[in-house]
Amino acid sequence: MAEATYSIGEGPATRVSLSLPEGTARAIRARVGKREFSAFIAEAVERELRGQVLDEYLADYESRKGPVSEPARQRARQVFDEVFAEEAEWPAAG
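The following paragraphs examine the structure supplied in this document. (Residues numbered from 1 in each chain as written. Predicted model: local features only at pLDDT ≥ 70, side-chain atom pairs only at ≥ 80, totals over all residues. Heavy atoms only, no water.)

So, the overall build of the protein chain
Point 1. On a plain count of helices and strands, the protein chain comes out with three helices and zero strands.
Point 2. Listed by position from the N terminus, the elements making up the protein chain come as α-α-α.
Point 3. Contacts in the protein chain between residues far apart in sequence, at least 24 positions, make up 45% of those at least 6 positions apart.
Point 4. Summing over all exposed atoms, the protein chain offers an accessible surface of approximately 7700 Å²; the carbon and sulfur share of this is 51%. (Helix = DSSP H or I, 4+ residues; strand = E, 2+ residues; numbered from the N terminus. Contact = heavy atoms within 4.5 Å. Areas by Shrake-Rupley, 256 points an atom, 1.4 Å probe, with all protein chains shown as cover.)

Given below as structure tokens:
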């Protein structure tokens, strides 16, 4: 049976062990409460992964076409966010 492939932010929840500095954990709980702790971490990780996907795309583009200006990078981030928000899907992780 083939293993399901999920995009960033999709799929059933899975339990993982996570170690954070106590000060960071305390700050998160103070900001969002104990019940929203996991959701906060998931959103932060998803944001980081999406940023890395875009950075990888831009690095590939630059290796093929040359440097991308800062305004173009900012526009690319905006376009990526708009396109993937419309489709409600980001590329599969990995």
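A word on the nonpolar core
Point 1. By size, the foremost hydrophobic cluster in this structure holds five residues: Leu54, Leu58, Ala76, Phe80 and Phe84.
Point 2. Of all the secondary-structure elements, those providing two or more residues to this core are helix H2 (37-65) and helix H3 (70-87).
Point 3. Here the element with the most residues in this core is H3; it accounts for three residues.
Point 4. Contacts of Leu58, omitting those with residues within four sequence positions, involve Arg73 and Ala76. (Core = buried A, V, L, I, M, F, W, Y, C linked by side-chain atoms within 4.5 Å. Buried < 20%, exposed > 50% of the residue type's maximum accessible area, 1.4 Å probe, protein only.)

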